Amino acid sequence: MRVRLPVPPTSVPYVPYFDSASSAPLHPVARQALLAALDEGWADPSRLYREGRRARLLLNASREAAAEAVGCRPDELVFTPSGTRAVYDGIAGALAGRRRAGRRLVVSAVEHSSVLHTAAAHEAGGGTVTEVPVDRTGRVAPDAYAAALRDAPDGVALACLQSANHEVGTLQPVAEAAEECAAAGVPLLVDAAQSLGWGPVEGNWSLLTASAHKWGGPAGVGLLAVRKGVRFRTVPPTDERESGRSPGFENLPAIVAAAASLRAVRAEAAAEAERLRGLVDRVRARVPELVPDVEVVGDPERRLPHLVTFSCLYVDGEALLHELDRAEFSVSSGSSCTSSTLTPSHVLRAMEVLSEGNVRVSLPRGTAEAEVERFLEVLPGVVAQVRERLGAPKPAEAAVAPDPVPEPEVALVVDSLGKRCPIPVIELAKVIGQVPVGGVVVVLSDDEAARLDIPAWCEMRGQTYEGERTADRGVAYRVRRRA
């Protein structure tokens, strides 16, 4: 019996939601396929009776569709309960399979937290981890990746590199990294969660993971592809499901919906990528024009078509997100101000860019041009409102030098201990004009975000950052007035 996946519709209805990088709205094809599979795919696909055979045919058809989109053989791909589970199982299986080759894991500094959590667990279990740094756009340099493989003091078992960053959208040089890994005899695992809906991952990668809810499929379905020839040993406990690599009863209706929606979004990808890239280009260009003291982060060219991230000086990220939500815009943030740990996003920290007031806009397919225009109309007022509430200096005030005080060699100390972002930077901005040109302001802060935000403020405001030292409590950051 031949089973066909649902045929995609010609268009996707617009959803006024700007956080598709976290989870994309359910694609109409996913909904259609899910409802159909609930009626047809509820039985155990491992059974030989009629209902089981029908379920098996649906599972096989879904695997073939997903494998075609990934660019691998159907028998190289298994479905997992989530993208995070695919990452955990993929890394653990590759490390276990190559234990004799070594116990070192190489990752980039901006990988998804699921990769970094797995790396931390590997290190806690006696393994070693090398983090490859990135530039200010969030991109790994291929030669730096090659050096991490070449200069490792012990054997490298596995390397990981995301295809595109989930916070800033920067595309990584996966094909070049895969060549370096092949030359070193090291398999490369690619986390393709953010990019797979836009196209296949180029290069000779060895393992690949993805998550259906990132492209408009249902949550609870991940993909793990392991190419033939890669040494891989599933970490127990295991069972007979999914080639022994993903235990437990398959969520067949969700799998069918995931595969059908992946095929549908790929059919729309070229046209929609071009349209959304134009909208994102508009945001990238106009936000710095409309809002003073903004840094747009991420690679301006080598990036996902639908995602843009920017950071605003003197802004509490959580307050900004709440105000945008009240204006009916759902966005997300990598700012430390929205985190219970009060530490900056590891991605922004690795890039060494401004973290306060960080906003990520990721447009879902079908986003209307009018909604982007309305966002650009609303944003300046929202940022100004939050800044005023926090007592931030106005742009004109920050640029004017008030009357100088005492001797230039005497440093002015600003005690911001116990205060969270963006207050330490606001207090620095308010007093910098109180020292003469050449004078110094020392900011005392115990907020981890200050390590990023004070140097970023200096660069944006034309002042000189002279470094930090450990104080009795917290850290002392030294800034010399240059302008």
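Quick caveat: nothing in here was measured; it's all calculated off a predicted structure.

Draft legend 1. Summary view of the UniProt feature "domain: UPF0033" (unreviewed entry) in the protein chain. Residues annotated in UniProt with the feature "domain: UPF0033" (unreviewed entry) correspond here to residues 414–438. Within residues 414–438, the helical portion is 36% and the strand portion 8%, while the C-alpha atoms at the span's ends are 17 Å from each other.

Draft legend 2. Here's a closer look at helix α4 (residues 113–124). Taking 1.5 Å as the rise per residue, α4 with 12 residues should run 16 Å; its terminal C-alpha atoms sit 16 Å apart, in good agreement. Those residues of α4 that sit buried are S114, V115, L116, T118, A119 and H122. Check the buried side of α4 and you find it contacts α3 (83–97), β2 (104–108), β3 (128–132), β4 (156–160) and α9 (346–351). Phi turns positive, to about 105 degrees, at G126, one or two residues after α4.

Draft legend 3. Fine view of empty space enclosed by the protein. In the structure shown here, the tally under the stated rule is 4 cavities of 30 Å³ or more. For the largest cavity, the lining is made up of 15 residues, of which W198, K214, W215, H306 and R365 are closest to its centre.

Draft legend 4. Fine view of the environment of G90. Within the secondary structure, G90 sits in helix α3. Given a relative accessible area of 0%, G90 falls into the buried group. With 348 residues separating them in the primary sequence, G90 and G438 have C-alpha atoms 55 Å apart. Setting aside residues no more than four positions away along its own chain, G90 makes contact with L189, L207, L224 and F232.

Draft legend 5. Geometry of the sheet that holds strand β10 (residues 358–362). The strand order across the open sheet built from 3 strands is β8-β9-β10, with neighbouring strands paired in antiparallel fashion. Each edge of the open sheet carries a strand with a single partner, namely β8 (294–297) and β10. Across the sheet, the mean angle separating the axes of adjacent strands is 25 degrees when strand polarity is ignored. Two elements, strand β9 (residues 307–312) and β10, share 5 bridges in a ladder whose sense is antiparallel.

Criteria and cut-off values
Residues numbered from 1 in each chain as written. Predicted model: local features only at pLDDT ≥ 70, side-chain atom pairs only at ≥ 80, totals over all residues. Heavy atoms only, no water. UniProt positions renumbered as here; feature names shortened; annotations may be inferred. Helix = DSSP H or I, 4+ residues; strand = E, 2+ residues; numbered from the N terminus. Expected span 1.5 Å × (residues − 1). Buried < 20%, exposed > 50% of the residue type's maximum accessible area, 1.4 Å probe, protein only. Contact = heavy atoms within 4.5 Å. 1 Å grid on protein atoms, 1.4 Å probe; cavity = no way out; pocket = protein on both sides within 12 Å on 5 of 7 lines; lining within 4 Å. Points joined across faces, edges and corners; volume = space filled by probe spheres on them. Pairing = 2+ DSSP bridges. Axes fitted to C-alpha atoms, helices over the stretch in contact; angles between N-to-C directions.

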